[in-house]
Amino acid sequence: MTPDIDLTSQDFFRDPVAGLARLRAAGPVVQAKIPMVGRVWMTTTQETAARVLKDSDVFTVRKDDGAVAGLRWWMPGVFRAFTQNMLSTDEPDHTRLRGIVDETFRRRAVLDMAPRIRTIAGELADELFAQGSPADLVARYARILPLSVICELLGLPLEDRPKFMTWASRATGTSTALMLLRMVPTLGTIKRYLQRRLEHARTAGGDGLIAELVRVEKEGAPISGEEMVVMIFLLLFAGHETTTHLISGSVFELTKNASLRDWLAEDWSRADLAVEELLRFVSPVQFSKPRFVRRDVELNGIRLKRGD
Ligand code: HEM
């Protein structure tokens with residue numbers, strides 16, 4: 001029997017490790033409730049998860065009619081437009097879009113940005129510590145650092161960054177339908193802004209991922225104008241919201257666990273290892289996007305029906 005696990009509840013948010021342990025104890029394929037979507041089947045082992053993720057004939061992000069799992073009829077147009085990204089496409093579109101963004105990243109030598117990222121991180125930390133205690137790590141560091149880095153990576157002009165950060169932070173933290181609807185005007189503003197940046201890159205070139213993406217587009221990459229906007233939007237949100245939560249969740253974990261904190265403070269060359277492990281332990285993304293079952297199938301002894 002599946003326990004009643006509600007991944008939208010405050011209980012789960014307060015102690016996800018305990019919630020996930022209960023899910024795992026219930027079996028490799030269990031039922032749970034997730035935000036926005038409602039009741040779903042979940043896989044709780046590496047083996048079953050891999051089977052679902054790799055079997056793109058049976059498990060797909062879209063239905064025959066193109067409906068995306070998790071997207072609801074009442075969701076506004078701009079929201080729908082932004083969900084038409086590679087996260088919500090099946091093959092062959094996923095590989096087509098992924099190939100284009102991979103090529104863009106290959107040309108941008110992201111690792112070369114490390115010294116610049118360290119400088120931004122150092123400045124933010126100095127300002128935070130100069131304030132004394134108590135200081136707001138989330139607002140003054142964890143939110144700003146990833147957004148600054150992604151702005152730099154995309155090549156957004158320096159003077160635009162403050163307003164851009166305001167929009168981006170307004171568009172995050174949505175967990176209910178009402179919050180989603182309140183976000184609509186901001187999403188429209190962000191969309192128009194990104195369209196203007198793309199137009200600018202098309203006529204004037206420049207540095208950063210947007211300009212690089214435009215170069216790949218001009219070389220004949222199979223991508224539409226709308227897909228370009230949506231791609232940048234995806235990079236922007238996938239690229240900062242996750243990292244924000246990794247930073248704040250990791251620091252929270254270290255403040256709760258003095259021996260772990262001391263282990264790291266003793267030898268900062270352990271930072272890479274710590275990040276790697278915290279990425280698993282405080283996991284900013286708790287589950288993947290949902291998939292539809294395309295035909296009746298048995299998964300570890302559980303019968304899943306077409307349409308589940
Ligand atoms: C702590 C940091 C991060 C975490 C935990 C994280 C987590 C994830 C996860 C779990 C997925 C798969 C989602 C799914 O299929 O359901 C994903 C996809 C993706 N992430 Fe991240 N991510 C992080 C940082 C970033 C950054 C910095 C960028 C870009 C600059 C980025 C861009 C993307 C993109 C483009 C995809 C879609 C890939 C595809 O569909 O092939 N992510 N991420």
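For the structure, check the block above.
Definitions and cut-offs
Residues numbered from 1 in each chain as written. Predicted model: local features only at pLDDT ≥ 70, side-chain atom pairs only at ≥ 80, totals over all residues. Heavy atoms only, no water. Salt bridge = Lys/Arg side-chain N within 4 Å of Asp/Glu carboxyl O. Helix = DSSP H or I, 4+ residues; strand = E, 2+ residues; numbered from the N terminus. Buried < 20%, exposed > 50% of the residue type's maximum accessible area, 1.4 Å probe, protein only. Near = heavy atom within 4 Å. Polar contact = N/O pair within 3.5 Å; in protein donor to acceptor, adjacent residues only side chain to side chain. Nonpolar A, V, L, I, M, F, W, Y, C, P; charged D, E, K, R; others polar. Pairing = 2+ DSSP bridges. Axes fitted to C-alpha atoms, helices over the stretch in contact; angles between N-to-C directions. Parallel < 35°, antiparallel > 145°, perpendicular 65-115°, else oblique. Left-handed = near helix turned anticlockwise from the far one by under 90°. Contact = heavy atoms within 4.5 Å. Core = buried A, V, L, I, M, F, W, Y, C linked by side-chain atoms within 4.5 Å. 1 Å grid on protein atoms, 1.4 Å probe; cavity = no way out; pocket = protein on both sides within 12 Å on 5 of 7 lines; lining within 4 Å. Points joined across faces, edges and corners; volume = space filled by probe spheres on them. Expected span 1.5 Å × (residues − 1). Arc of directions from axis to C-beta.

*Asks:* Got a minute to help me understand the pattern of salt bridges in this structure?
*Replies:* Note that side chains of opposite charge can pair when their charged atoms are close. Per the counting criterion, the structure on display carries 22 salt bridges. Notably, a salt bridge pairs aspartate 6 with lysine 33, separated by 4.0 Å at the nearest N-O pair. Residue aspartate 6 is located in strand β1 (residues 5–6), and its partner lysine 33 is located in strand β2 (residues 29–34); the two are separated by 27 residues in the primary sequence. On the basis of relative accessible area, aspartate 6 is assigned to the partly exposed category, the value being 24%. In this structure lysine 33 comes out as partly exposed when scored by relative accessible area, which is 35%. Between arginine 303 and glutamate 298 there is a salt bridge; the shortest N-O distance is 3.4 Å.

*Asks:* Sorry, what's going on with the site of the ligand here?
*Replies:* Taken together, 18 residues are adjacent to the ligand, and His94, Arg98, Ala238, Ser288 and Lys289 come closest. Within the backbone of alanine 238, one N or O atom sits 3.4 Å away from a nitrogen atom of the ligand. Within the backbone of lysine 289, an N or O atom sits 2.8 Å from an oxygen atom of the ligand. Sorting the residues of the shell around the ligand by element identifies α5 (93–107), α13 (225–238) and α14 (241–256) as the ones contributing at least two each. In terms of residue class, the shell around the ligand is made up of eleven nonpolar, five polar and two charged.

*Asks:* Explain the pairing of strand β3 (residues 38–43) here, please?
*Replies:* For a regular strand, side chains alternate in direction, first toward one face of the sheet and then toward the other. As judged from the six bridges shared by β2 and β3, these two strands associate in the antiparallel manner. In the sheet register, glutamine 31 faces β3, and the bridge partner there is tryptophan 41. Hairpin connection, β2 to β3: the antiparallel pair is bridged by three residues, and methionine 36 has positive phi, about 65 degrees.

*Asks:* Could you clarify how one ought to interpret the packing of α5 against helix α12 (residues 209–218) in this entry?
*Replies:* Think of two packed helices as two axes; the pair is described by the angle between the axes and how far apart they sit. Interaxial distance between α5 and α12 falls to 9 Å at its minimum, and their mutual angle equals 125 degrees. Considering their axes alone, α5 and α12 lie oblique with respect to each other. Considering only the axes of α5 and α12, their crossing is right-handed. Seen from α5, the contacting residues are Ile100, Glu103, Thr104, Phe105 and Arg107; seen from α12, they are Leu209, Glu212, Leu213, Arg215 and Val216. Its residues assigned to classes, the contact of α5 with α12 shows five nonpolar, one polar and four charged.

*Asks:* Would you explain the nonpolar core in this entry?
*Replies:* For soluble globular proteins, the rule of thumb is that nonpolar side chains tend to be buried together. Among the nonpolar cores identified, the biggest contains 56 residues, and Tyr141, Leu145, Leu154, Phe164 and Leu194 are the most heavily contacted of them. The set of elements that each furnish at least two residues to this core consists of α5, α6 (114–130), α7 (137–142), α8 (144–154), α9 (161–170), α11 (184–204), α12 and α13. Top element by residues in this core is α13. It accounts for ten residues. With sequence-adjacent residues up to four places away left out, phenylalanine 164 is seen in contact with Cys151, Leu156, Tyr193, Leu194 and Leu236. Grouped together as the second largest cluster of nonpolar side chains are nine residues, Phe12, Val30, Ala32 and Val40 included.

*Asks:* It is not clear to me how empty space enclosed by the protein should be interpreted in this structure. Could you clarify?
*Replies:* By rolling a water-sized probe across the atoms, one finds the places where empty space is left. Tallied over the entire structure, the rule returns one cavity of 30 Å³ or more. Looking at the largest cavity, its volume works out to about 40 Å³. In terms of lining residues, the largest cavity is bounded by Gln84, Asn85, Met86, Leu97, Glu227, Val230, Met231 and Leu234. The element contributing the most residues to the lining of the largest cavity is α13, with four residues. Split by residue class, the lining of the largest cavity holds five nonpolar, two polar and one charged.

*Asks:* Where do I start with the sheet that holds β3 in this structure?
*Replies:* Strand pairing within a sheet occurs via backbone hydrogen bonds; the two strands may be parallel or antiparallel. An order of β1-β2-β3 is seen for the three strands of this open sheet, with the pairing classed as mixed. The open sheet is flanked by β1 and β3, the only strands paired with a single partner. In the packing of helix α2 (residues 16–26) onto the sheet, contacts are made with β1, β2 and β3, and the angle to β2 comes to roughly 145 degrees.

*Asks:* I tried to follow the pairing of β2 on my own but got confused; where do I start?
*Replies:* Examined bridge by bridge, β1 and β2 share two bridges and lie parallel to one another. For isoleucine 5, the partnering residue across the bridge sits in β2 and is alanine 32.

*Asks:* Explanation requested: α5 in the structure shown.
*Replies:* An α-helical turn contains 3.6 residues, so a residue and the one three or four places further along point in the same direction. Between the first and last C-alpha of α5 there are 22 Å, a value that for 15 residues agrees with the 21 Å anticipated at 1.5 Å per step. All buried positions along α5 are accounted for by Leu97, Ile100, Val101 and Thr104. An end-on view of α5 places all buried positions within 90 degrees of arc, on one side of the element. If you follow the buried residues of α5, they end up packed against α12 and α13. In the segment just after α5, alanine 109 is the residue with positive phi, at about 40 degrees.

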